[in-house]
Amino acid sequence: MSPPVAPPGWSRWLVPPAALSVHLSIGQAYAWSVFKPPLESALGLSGTQSALPFQLGIVMLGLSAAFGGTLVERKGPRWAMTVALICFSSGFLLSALGASLEQYWLIVFGYGFVGGIGLGIGYISPVSTLIKWFPDRPGMATGIAIMGFGGGALIASPWSAQMLESFGGDSSGIALAFLVHGLSYAVFMLLGVLLVRVPSSAPVAEGTTRQAPTGPQVSANQAIRTPQFWCLWIVLCMNVTAGIGILEKAAPMITDFFADTATPVSVTAAAGFVALLSAANMAGRIGWSSTSDLIGRKNIYRVYLGVGALMYALIALFGDSSKPLFVLCALVILSFYGGGFATVPAYLKDLFGTYQVGAIHGRLLTAWSTAGVLGPLIVNWIADRQEEAGRHGASLYGLSFVIMIGLLVVGFVANELVRPVDPRHHVPAPKEAAHAERQQSESA
């Protein structure tokens, strides 16, 4: 299956909505914390156990993106979006069956393994295409699409909370909520499958003509042999670990932080906090990535990692004494988390060119897989151990936050080590031209 080539006069601004329809759907993953308390209550799970579907989903996201990146480049965005639709929706349907039968392993397999493959293929499906449509503003273009992944929970969090309230928080209510999710997202993602187009050699927009790639061009296989790739891998992994540690446990975390105060946080307010984090995640993806087009990728990552460490320090020291401070710092951290995701494709394009940027991006997302395990594991495991020791409230998370600060410092140092790619890794111009011509003929 190959996507139709855009006819002359086709507006490139129709492509981001196609990407958004997929990313807004798979962005539901960020609302997983809404399901944690009812699952723990209905199936007798610990916080660490209830995080497993989300963790496995993020692991499979990175692995499927890495192994499927080259295939996505070859077969095109329509094929990738179709695979994402099938896997992501099937994951929910399997999870609905698992909840109905009270078989937690089936929820883990459905949401985490099958749905996680849909996450990975869907996430990278539009990236290369968007960069080709917007060579003048790659940070903004990828930010618009990847913004949807961050904003998915803005819709899914209150929607899921409302369904659980209406259907009930027992296993049958959870199953029905999963079923509605799976069917609804299938319809919404289909819009992206039908709308997506790839650029032809004709002008892509009024007053804009497509030009041959300039600057360094590096293949995916060669890119992973460079120190630049692995420095960026560390940068992304550290930034994601720091953000996902809050995001995965957002609802119970804010409840725990203020449980012993005169104004505890209700379940509804906690779901609202998850939605706020999603909004910050979404805003950061378009806002910070667009800013990177102006100040440069390395500079924007200095902000993500350096200021992010400061925000974690403020929460650790003063977060339980002020709700506004806790919420504000968490929002800033999540905006950096989202911005890091949206900026990294443009960072890769700057370093390695557009030759196989989608496949390189897929390989880099293995850092997300690692972070998807590290972040929730650090926060949940330490919180469980602290609770067993008789601690409660904000003290459940103090050590976790100190670890996150250290990880962000490691990422900051790795970003400082990024340098231009040595010319020996560049693809010879004739090979690059032949590859571009072959890709165009396959798309047509």
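Residues numbered from 1 in each chain as written. Predicted model: local features only at pLDDT ≥ 70, side-chain atom pairs only at ≥ 80, totals over all residues. Heavy atoms only, no water.

Of note in this structure, E102 is not a glycine but carries a positive phi near 60 degrees. Secondary-structure assignment places E102 in the loop between α5 (77-101) and α6 (104-124). Using a relative accessible area of 47% as the deciding quantity, one classes E102 as partly exposed. (Helix = DSSP H or I, 4+ residues; strand = E, 2+ residues; numbered from the N terminus. Buried < 20%, exposed > 50% of the residue type's maximum accessible area, 1.4 Å probe, protein only.)

How two aromatic rings sit relative to each other is given by the distance of their centres and the angle of their planes. Enumeration according to the criterion identifies 33 aromatic pairs in this entry. When the centroid spacing of 5.8 Å and the interplanar angle of 45 degrees are considered together, the rings of Y304 and F336 count as tilted. One end of the pair, Y304, is in helix α14 (residues 297-318); the other, F336, is in helix α15 (residues 323-352), with 32 residues separating them in the sequence. Comparing Y304 with F336 shows no difference in burial state: the two are buried. Pairwise contacts between aromatic rings join W32, F35, F88, F92, Y111, W159, F178 and Y185 into one cluster. Sitting over the ring of F258, K323 keeps its end group 5.7 Å from the ring centre. (Phe/Tyr/Trp six-rings, centres within 6.5 Å; stacked < 30°, edge-to-face > 60°. Lys NZ or Arg CZ within 6 Å of the ring centre and 35° of its normal.)

Taken together, the side chains of L93, F167, L176, L179 and L183 make up a nonpolar region of the molecular surface, amounting to roughly 390 Å² of accessible area. Here the nonpolar patch takes three residues from helix α9 (residues 171-195), the largest share from any one element. Structurally, L93 can be placed in helix α5. Given a relative accessible area of 36%, L93 falls into the partly exposed group. (Patch = residues over 30% accessible without salt bridge, like charges linked within 9 Å, V, L, I, M, F, W, Y side chains within 5 Å. Areas by Shrake-Rupley, 256 points an atom, 1.4 Å probe, with all protein chains shown as cover. Salt bridge = Lys/Arg side-chain N within 4 Å of Asp/Glu carboxyl O.)

Between helix α11 (residues 227-247) and α14, whose axes approach to 11 Å, the crossing angle comes to 35 degrees. In the crossing of α11 with α14, the sense of the turn from one axis to the other is left-handed. Within the contact between the two elements, α11 uses V235, N239, A242 and I246 and α14 uses Y301, Y304, L305, Y312 and I315. Residue composition of the contact of α11 with α14, grouped by class: eight nonpolar, one polar and no charged. (Axes fitted to C-alpha atoms, helices over the stretch in contact; angles between N-to-C directions. Left-handed = near helix turned anticlockwise from the far one by under 90°. Contact = heavy atoms within 4.5 Å. Nonpolar A, V, L, I, M, F, W, Y, C, P; charged D, E, K, R; others polar.)

Let us look at the packing of helix α13 (residues 267-295) against α15. Direction vectors running N to C along α13 and α15 enclose 45 degrees, while the axes themselves pass 6 Å from each other. Of the possible angle classes, the one that applies to α13 and α15 is oblique. Seen along the crossing, α13 lies across α15 with a hand that is right-handed. Looking at the contact of α13 with α15 residue by residue, the classes come out as 14 nonpolar, eight polar and one charged. (Parallel < 35°, antiparallel > 145°, perpendicular 65-115°, else oblique.)

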